[in-house]
Amino acid sequence: MLQVSHIRENSEEIIKLLAIRNLDAKPMIDDVLNFDEERRQLQTKLDTTKAEMNSISKEIGNLFKSGQAEKANELKSKTSELKETIKTVEQELNEKAEALNNILYKIPNVPNPIVPNGNSDEDNLETLRDGEMPNLHDGALPHWELAKKYDIIDFELGNKIAGAGFPVYKGKGARLQRALIAYFLDKNTEVGYTEYQLPHLVNEASGFGTGQLPDKEGQMYHVTEDNLYLIPTAEVPGTNIFRDIILNESDLPIGITGYTPCFRREAGSYGAHVRGLNRLHQFDKVEIIRVEHPSKSYQALDNMVSHVQDILKELKLPYRILRLCGGDLTFASALTYDFEVFSAAQERWLEVSSVSNFETYQSNRLKLRFKNSDGKNELAHTLNGSSLALPRILASILENYQTGSGIKIPEVLIPYTGFDIID
RNA sequence: GGAGAAAUGGCAGAGUGGUCGAAUGCACCAGUCUUGAAAACUGGCGAGGGUCACACCUCCGGGGGUUCGAAUCCCUCUUUCUCCGCCA
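Residues numbered from 1 in each chain as written. Chains lettered and ligands numbered in written order. Predicted model: local features only at pLDDT ≥ 70, side-chain atom pairs only at ≥ 80, totals over all residues. Heavy atoms only, no water.

Q: Where do I start with helix α2 (residues 26–65) in this structure?
A: Taking 1.5 Å as the rise per residue, α2 with 40 residues should run 58 Å; its terminal C-alpha atoms sit 58 Å apart, in good agreement. Those residues of α2 lying buried are M28, I29, V32, D36, L42, L46, T49, M53, I56, I60 and L63. Of the residues one or two after α2, G67 is the one with positive phi, at around 80°. (Helix = DSSP H or I, 4+ residues; strand = E, 2+ residues; numbered from the N terminus. Expected span 1.5 Å × (residues − 1). Buried < 20%, exposed > 50% of the residue type's maximum accessible area, 1.4 Å probe, protein only.)

Set out below in structure tokens:
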């Protein structure tokens, strides 16, 4: 969420930038400013009343000590009115603060000025296209048919065991999946990310910390018995490592990586049950997360982009990078680059990674701060990205690397798979 | 799952109704000394709100209560530790 103090000082600019998201933020910002003003007035009133109460209490204590019980009891009778005032003002204050928060939760992050205008994914700005388009042989198949032909992914079996969107990987398919995970983790740790194994379920506080709650509650699987949520991405447990802590400036930058399965209900989403691996309820992903000094976060974002780029180059997959437009930008992000890989047999681009800078939007809610050179506590910037998401990478490898005699394995993966062809 | 104990600042650890936002030690920061470092000495050192800045208010695991007054008493929840049971 945005900081109230920041809104107070930059309301005009914020409204202007939020317009990039096609959002008329003026009414909400005005509400914030009004509620904040009222909140502070109530706070002052409460504080002075409490101060009065405190000084009377102190006096009573002194009177008792000096044996003037009668006087003390006289004073006591004065306090009941103050108590009443404190109670009612406190309640008003809580209501006001809650109203303020409820609006703040609804205001998305302020986009970076370079975010292009636009309504949908069609307006995203392609910033780079690279890699060779494969020349497929006649009779090339989409990955779901390849999966069947070589018996490496069983969608029906997953359907039987759990439901649609829970594929079962078998034999070389399972091994390729494991190879990709290991390869991605190695690539990430090579450039300095620390590997973590994280919980796959998180509590309510963590869901709030990264903003899945209260808004997107319906998108997560909820274990009601224990009030835990299955993670939709490693971002949730990974970023919550840093909830409620104050770092030293010298601790920055921090980079972590982790593999986790991701669980998504995809409730109400368009094409929830599209074919093959394109959209699943459970999938694997290796994530990178960074905590950065505010002055360096955009440099870090560039770094992450070129890192993901390196991996796609090594895998020799044709890809493009998109700078997401205002209409396609996720709620908490200030700037996002999406990576899409061209899947030759489907003849379409598939999103395989999304790399974002959240600036202080997450850290404000997380209370993730560092002590800056002035000795003041300052919110750090958080960033994250997939490096990378498995299913669509797998799909594009299967499709792009298919030949008449089997599916070749990208060279960099052979040490991980132990075989060089699926046939 | 059963029985017991505990939760205080970055860490350790005092504090059982008022003078406690909290002793002390360690860690950390600044300075003196030193060629430099260490040691020693001096000073500083939790967070949030509020203010131009002060004042002032809040926070001793979370929530509620008793009281003029709560870190301290009561209720409740959570977590941790020990023992027993079960178990990959």
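What follows continues from the structure just given.
Q: Sorry, what's going on with the nonpolar core here?
A: Taken as a class, soluble globular proteins show a tendency for nonpolar side chains to be buried jointly. Judged by nonpolar contacts, the single largest core of 76 residues is most densely connected at L180, F184, L312, F339 and I393. A total of 7 residues in this core trace back to one element, the largest contributor, which is helix α9 (residues 297–314). Counting 12 residues, the second largest nonpolar core, distinct from the first, contains A72, L75, I86 and L93. (Core = buried A, V, L, I, M, F, W, Y, C linked by side-chain atoms within 4.5 Å.)

Q: What should I look at first to understand helix α6 (residues 171–190) in this one?
A: Two residues of an α-helix separated by three or four positions point the same way, owing to the 3.6 residues in each turn. The end-to-end C-alpha distance of α6 is 28 Å, a good match for the 28 Å that 20 residues give at a rise of 1.5 Å each. Turning to α6, its buried residues number three or more, namely G173, L176, Q177, A179, L180, I181, Y183, F184, L185, K187 and N188. Note on α6: the residue one or two positions beyond its end, G192, has a positive phi of about 110°.

Q: Sorry if this is basic, but what is going on with the sheet that holds strand β7 (residues 228–230) here?
A: Neighbouring strands of a sheet are bound in pairs by backbone hydrogen bonds; such pairs are parallel or else antiparallel. The 3 strands lie next to each other as β5-β7-β6, forming an open sheet whose pairing is antiparallel. In this open sheet, the two strands that pair with only one neighbour each are β5 (201–202) and β6 (222–223). Alignment of β6 against β7, held across 2 bridges, turns out to be antiparallel. Considered in β7, the bridge of H222 is made with Y229. (Pairing = 2+ DSSP bridges.)

Q: For this particular structure, what's the right way to read the protein's contact with RNA strand B?
A: Around RNA strand B sit 20 residues, and of these D47, N54, S57, R369 and K371 come closest. The sugar and phosphate moieties of RNA strand B supply 76% of its atoms located within 4 Å of the protein. R39 places a side-chain nitrogen or oxygen 3.1 Å from a sugar or linking oxygen of RNA strand B. Residue K371 places a side-chain N or O atom 2.7 Å away from a phosphate oxygen belonging to RNA strand B. When residues of the surface near RNA strand B are traced back to their parent elements, those giving at least two are α2, α3 (69–106) and β14 (368–371). In terms of residue count, the dominant contributor to the surface near RNA strand B is α2 (12 residues). Class assignment for the residues of the surface near RNA strand B results in 4 nonpolar, 6 polar and 10 charged. (Near = heavy atom within 4 Å. Polar contact = N/O pair within 3.5 Å; in protein donor to acceptor, adjacent residues only side chain to side chain. Nonpolar A, V, L, I, M, F, W, Y, C, P; charged D, E, K, R; others polar.)

Q: What's the story with the pattern of salt bridges in this structure? I'm lost.
A: Any two side chains of opposite charge can pair, so long as their charged atoms come close to each other. In the structure shown here, the tally under the stated rule is 17 salt bridges. Salt-bridge contacts for E37 lead to R40; the nearest nitrogen and oxygen are separated by 3.2 Å. One end of the pair, E37, and the other, R40, are both in helix α2, 3 residues apart, so they sit about a helical turn from each other. Given the relative accessible area of 38%, E37 is considered partly exposed. Across the pair E340 and R320 runs a salt bridge, and its minimum N-O distance is 2.7 Å. On the criterion of sequence distance, the pair formed by E340 in strand β12 (residues 335–343) and R320 in strand β11 (residues 319–323) is long-range, its members being 20 residues apart. Here R320 falls in the buried class, since its relative accessible area comes to 16%. (Salt bridge = Lys/Arg side-chain N within 4 Å of Asp/Glu carboxyl O.)

Q: I keep staring at the side chain of N372 and nothing clicks. Help me out?
A: Within the element layout of this structure, N372 appears in the loop between β14 and β15 (377–379). In contact with N372, other than residues within four places in its own chain, are E249 and E378. (Contact = heavy atoms within 4.5 Å.)

Q: Explanation requested: the sheet that holds strand β13 (residues 348–359) in the structure shown.
A: The strand order across the open sheet formed by 8 strands is β1-β11-β12-β13-β16-β10-β9-β4, and the pairing between neighbours is mixed. Single-partner strands in this sheet number two, and they are β1 (125–130) and β4 (194–196). Between one strand axis and the next, the sheet turns by 25° as a mean value, whatever way the strands run. In this sheet, strand β16 (residues 381–389) lies alongside β13 in antiparallel orientation, the contact comprising 4 bridges. (Axes fitted to C-alpha atoms, helices over the stretch in contact; angles between N-to-C directions.)

Q: Would you explain the pairing of strand β10 (residues 282–292) in this entry?
A: Two faces, one strand: in a regular strand the side chains alternate between the faces of the sheet. The buried fraction of β10 is high, at 10 of 11 residues. As paired elements, strand β9 (residues 254–263) and β10 share 10 bridges and run antiparallel to each other. Paired with G258 across the bridge in β10 is E287. In this structure, β10 lies alongside β16, joined through 7 bridges in antiparallel fashion. When the sheet's bridge partners are listed, I289 is paired in β16 with N384.

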